[in-house]
Amino acid sequence: MAASDMSLIMHVAGRDDDLRLALEDLQVGRWLSTKNLLAHTDSGALRTSRSQVLAAVAANGFAVDAWCLEEPGSADALMMRARVLAQRALNAHRDGADRHALSPLIDAALRACWDGTRRWPYDPVFWVCLLSLAQLDIDPRRRIRVEHWAHPPEALLPPGPWPLLWEANRRDPGNREAYHRMLQCFHARGNGAVDFTRWVCSVAPTGSVLLTLPLYAYAEEYRSRTAGGQVSSSLGFWTNELIQYHVARARDGWFAYVTDRADCSLLDLNHLAYALTASGLPGAGAVFEAIGPYATRAPWAQLSESGWWQEEFLKARAFALKQKA
C-alpha cells in the first residue's frame, strides 16, 4: 500500500509490537511480560525508550510494585520502580497537585532513584529519572536539590541539572531522553530552551539524533508565541533563516545517516516532517515514508491551526509525497 493511502495508527507503542503486548498486560496488573521484554532488550537506547513508555502506563496501577515485592533484587524491577515513582510525581504535578501533596511523591521518587544509582551504578535510566524530576524544581527560592541549579558549561547557558546530565551521558553518550528531560526542565523554568538545543547541536556529531532537539524547542516557542498573539501564521516563524538552518541540519545531519528508519523515534520523525513542511524545505516526503501510518499527536495537535490535526497531517503527507514523486 502506498504511504499516501495509509490510515493513521496512533498508539503509544508505535510499531513496537512487543511493547504493545507488555502494555496490555500492565493495564490488567500483570508484570511478567514487562520483565521478559526488558530482559530481551539488548539496546541501551531501546531499553530507555521502552521503560519510559512502560512507566507511563504502569504508574496508574500496581504491577511494578508487585514485581518489586516478588523480585526485590531485580535490576529491571528497581529501574521500573524508579520510573513509576517519578512518573507518578510528574502526573500529580500535571494534574495541579499543590506543594504539600507533591512533596512526598517527589521524595519517594528521589529515594528510589538514588538507591538505584548506588545498587546499579552503570544504569543511565536512574539518572534520566532524576533529570525528569528536575523539571519540578522551578522555584530558586525553594530549591529541592542543589544539583538542579548547577552552573552551565558555557556562560550564555542557564543554570540547571547539568551534573545529572553528565552522569547520564557518561553511562550512555548522547542518551536521547536525558537531553529531552534537560530541555523540559528549561521549558518548565521559562528560559534557556532554545539556547540549550543550539548548544547541543554545536557539539553533537554527524548522525546524532540530538540534532533533532532544536525542532522541539522551536515547536514549543512557536506554540507559545502563537498563543500570545506574537505570530499570526506558521510561515513567518518557520522560514526564519536560523530555524531553517537547524531543520536542514536535522534532515541532512541525522535523518540522511539513519540506516534503519524503523528504529527511529516516531516523535523525532513527526517533528522533522512538520518542520520541513512548515519551513518549506524539501525532503519531507522521505520522512513521511519513514513514518508510515504512525502519526504522533506531537507536534501536529499542539501546533494545529484548524484544530483538525489529523487532517493537516494527511494533507501535508499527500503534498510531500506528490512532490517527491
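Cut-offs and rules
- Residues numbered from 1 in each chain as written.
- Predicted model: local features only at pLDDT ≥ 70, side-chain atom pairs only at ≥ 80, totals over all residues.
- Heavy atoms only, no water.
- Helix = DSSP H or I, 4+ residues; strand = E, 2+ residues; numbered from the N terminus.
- Rg over C-alpha atoms; globule rule 2.2 N^0.38 Å.
- Buried < 20%, exposed > 50% of the residue type's maximum accessible area, 1.4 Å probe, protein only.
- Contact = heavy atoms within 4.5 Å.
- Areas by Shrake-Rupley, 256 points an atom, 1.4 Å probe, with all protein chains shown as cover.
- Lys, Arg positive; Asp, Glu negative; His and termini not counted.
- Charge placed at Lys NZ, Arg CZ, Asp CG, Glu CD.
- Disulfide = S-S within 2.5 Å.
- Phe/Tyr/Trp six-rings, centres within 6.5 Å; stacked < 30°, edge-to-face > 60°.
- Expected span 1.5 Å × (residues − 1).
- Salt bridge = Lys/Arg side-chain N within 4 Å of Asp/Glu carboxyl O.

A. View of the overall build of the protein chain. Summing up its helical and strand segments, the protein chain has 17 helices and zero strands in all. A compact globule built from 325 residues should have a C-alpha radius of gyration of about 20 Å, and the protein chain, at 20 Å, falls within 12% of that. Principal axes of the C-alpha set define a box for the protein chain whose edges measure 55 × 50 × 35 Å. Each of the 325 residues in the protein chain was classed as buried or not, and the buried ones make up 51%. The long-range fraction of contacts in the protein chain, counting pairs at least 24 apart against all pairs at least 6 apart in sequence, stands at 63%. Just so you have it, the protein chain exposes about 15700 Å², and 52% of that area is on carbon and sulfur atoms. In the protein chain, 34 positive and 35 negative side-chain charges are present, and the distance between their average locations comes to 3 Å.

B. Quick peek at the state of the cysteines. For the structure on display, the rule yields zero disulfides. We note that Cys-264 lacks a disulfide partner, and the nearest cysteine sulfur, in Cys-201, lies 16 Å from it.

C. A look at the side chain of Thr-34. Mapping Thr-34 onto the fold places it in helix H2 (residues 32–39). Thr-34 gets classed as buried once you look at its relative accessible area, which sits at 1%. Excluding residues within four positions of it along the chain, Thr-34 makes contact with Ala-22, Leu-26, Leu-54 and Trp-67.

D. Representation of the packing of aromatic side chains in the model. Per the counting criterion, the structure on display carries 19 aromatic pairs. Considering the side-chain rings of Phe-237 and Trp-238, the 5.2 Å spacing of their centres and the 80° angle between planes classify their relative orientation as edge-to-face. Trp-238 matches Phe-237 in its accessibility class, with the two residues each being buried. Ring plane angle 85° and centroid distance 5.1 Å describe the contact between Trp-300 and Phe-313, whose orientation is recorded as edge-to-face. Of this pair, Trp-300 sits in helix H16 (residues 297–300) while Phe-313 sits in helix H17 (residues 309–324), placing them 13 residues apart in sequence. In terms of burial, Trp-300 and Phe-313 fall into one category: buried. Among the aromatic residues, those joined into a ring-pair cluster are Tyr-222, Phe-237, Trp-238, Tyr-274, Phe-288, Trp-300 and Phe-313.

E. Quick peek at helix H11 (residues 213–227). Here H11 contains 15 residues, and its C-alpha end-to-end distance of 22 Å stays within 8% of the 21 Å for a straight helix at 1.5 Å per residue. For H11, the secondary structure elements touched by its buried residues are helix H9 (176–189), helix H10 (193–203), helix H12 (234–238), helix H13 (241–253), helix H14 (266–279) and H16. Gly-229 lies just past H11 and shows a positive phi near 75°.

F. Quick peek at the pattern of salt bridges. This structure, assessed with the given rule, holds 22 salt bridges. For Arg-141, the salt bridge is made with Asp-139, and the minimal N-O distance between the two is 3.0 Å. What makes Asp-139 buried here is its relative accessible area of 17%. The salt bridge partner of Glu-289 is Lys-324, with a shortest N-O separation of 3.4 Å. With a gap of 35 residues between them, Glu-289 in helix H15 (residues 284–291) and Lys-324 in helix H17 connect regions that are remote in the sequence. Look at Glu-289 and you get partly exposed, because its relative accessible area is 42%. The exposure class of Lys-324 is partly exposed, given its relative accessible area of 48%. Through salt bridges with shared partners, a single network forms among Arg-47, Asp-76 and Asp-123.

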